[in-house]
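Listed below, chain by chain, are the residues.
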Amino acid sequence: MTTPARKITNTGTKKNIGRFFSLKMHSGVWYESLLERDYMYLLEIDPDVLSYCSQPLKIAYKQENKQLKYTPDFLVERSQKKQIIEIKPKKLINSDKNTRLFQCVAPIVQSLSWDFLVITDEMIRREPLLSNIKLLYRYAPVKLTPQLTITCHKYFQSQPPISLQKAEDYLSKKGIFRDSLLKLIFIGFLSTDLTIPIGNSSLISLYQTMN
């Protein structure tokens, strides 16, 4: 588990501090707000995210002749780039304090050839997308066997998009149940429209890669 660059504590504050167990990182990752925790669900399901950590480093900067230090919320490593992420409610991002901070630290981050991004609650808490991801995450620990994935591949390869209920009705005869189908959606083996609440009528199909 990566040690945060600064001590995470809620002493004297009303922060919602906790540790999120990341299947992608195989460890607990600290968060300082429920919004940060919700953001980690998005990182978990994003196939482009290779790794991430919270409170990753301290960035020294100068403001009004004062030497200051800034600890970002996340460092996210993607397949082609690294990102420094600041999580903020949308109503706070244009405050004078945050505007000055972002203007100071963004060029420093960019000088490392990293991206600096401010992610808001509106970007994270899109529904029903976030609730769908949280649902799928519950089934992420389900174990899959090679035979199960082969059987599912053959079945969905020969099918147009089919409802979750109909797929389960057929595959349950072969010992494959809904928990495994939801796990396959989580890992990207199967696909469904996550902008619609997942339920019996959700259409699922074999994930198609772009050539």
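Residues numbered from 1 in each chain as written. Predicted model: local features only at pLDDT ≥ 70, side-chain atom pairs only at ≥ 80, totals over all residues. Heavy atoms only, no water.

Caption draft 1: Looking closely at the sheet that holds strand S9 (residues 162–163). Here we have three strands laid out as an open sheet, ordered S9-S11-S10, and antiparallel in their pairing. Two strands close off the open sheet at either side, each with one partner strand: S9 and strand S10 (190–191). In the sheet, S9 pairs with strand S11 (residues 203–206) via two bridges, with the strands oriented antiparallel. Each residue of the ladder has a partner; that of Ile-162, found in S11, is Ile-204. Against the sheet, helix H5 (residues 146–157) touches S9, S10 and S11, its axis set at about 110° to S11. (Pairing = 2+ DSSP bridges. Helix = DSSP H or I, 4+ residues; strand = E, 2+ residues; numbered from the N terminus. Contact = heavy atoms within 4.5 Å. Axes fitted to C-alpha atoms, helices over the stretch in contact; angles between N-to-C directions.)

Caption draft 2: Region of interest: the pattern of salt bridges. In this structure the tally under the stated criterion is ten salt bridges. Asp-38 is paired through a salt bridge with Lys-134; the nearest N and O atoms lie 3.0 Å apart. Within this pair, whereas Asp-38 is found in helix H1 (residues 34–45), its partner Lys-134 is found in helix H4 (residues 129–138), the two being separated by 96 residues in sequence. Taking the shortest distance from any N to any O, the salt bridge between Arg-78 and Asp-48 comes out at 3.3 Å. (Salt bridge = Lys/Arg side-chain N within 4 Å of Asp/Glu carboxyl O.)

Caption draft 3: Summary view of H4. The complete set of buried residues in H4 reads Leu-129, Leu-130, Asn-132, Ile-133, Leu-136 and Tyr-137. Buried positions in H4, seen along its axis, are confined to an arc of 160° and lie on one side of it. At its buried positions, H4 is contacted by strand S1 (18–22), H1, helix H3 (121–124) and helix H7 (178–186). (Buried < 20%, exposed > 50% of the residue type's maximum accessible area, 1.4 Å probe, protein only. Arc of directions from axis to C-beta.)

Caption draft 4: Region of interest: the side chain of Glu-86. Mapped onto the secondary structure, Glu-86 falls in strand S7 (residues 82–88). With relative accessibility at 5%, the residue Glu-86 sits in the buried group. A distance of 2.5 Å separates the side chain of Glu-86 from the side chain of Tyr-70, its partner in a polar contact. Within the structure, Glu-86 has its side chain in polar contact with the side chain of Lys-88 (distance 2.6 Å). Among all residues touching Glu-86, those that are not within four sequence positions of it are Tyr-70, Pro-72, Asp-73, Phe-102, Phe-116, Leu-117, Val-118 and Ile-119. (Polar contact = N/O pair within 3.5 Å; in protein donor to acceptor, adjacent residues only side chain to side chain.)

Caption draft 5: Focus on the pairing of strand S8 (residues 115–120). In this sheet, S8 lies alongside S7 in parallel orientation, the contact comprising six bridges. By the bridge assignment, Ile-85 is partnered in S8 with Leu-117. Crossover connection from S7 via helix H2 (residues 96–111) to parallel S8: handedness right-handed. (Right-handed = clockwise from strand over helix to strand, strands pointing away.)

Caption draft 6: Looking closely at the nonpolar core. Tyr-39, Tyr-52, Phe-156 and Leu-181 are the most contacted members of the largest nonpolar core, which has 43 residues in total. Counting residues per element, this core draws most heavily on H1, which supplies seven residues. (Core = buried A, V, L, I, M, F, W, Y, C linked by side-chain atoms within 4.5 Å.)

Caption draft 7: Spatial organisation of the packing of H5 against helix H6 (residues 164–171). H6 packs onto H5 with a crossing angle of 125° between their chain directions and a minimal axis gap of 12 Å. Classified by the angle between their axes, H5 and H6 sit oblique to one another. Taken as a pair, H5 and H6 cross one another with a handedness that is right-handed. For the pair formed by H5 and H6, the contact residues are Thr-151, Cys-152, Tyr-155 and Phe-156 on the first element and Lys-166, Ala-167, Tyr-170 and Leu-171 on the second. Looking at side-chain class alone, the contact of H5 with H6 contains six nonpolar, one polar and one charged residues. (Parallel < 35°, antiparallel > 145°, perpendicular 65-115°, else oblique. Left-handed = near helix turned anticlockwise from the far one by under 90°. Nonpolar A, V, L, I, M, F, W, Y, C, P; charged D, E, K, R; others polar.)

These figures come from the coordinates and say nothing about function on their own.
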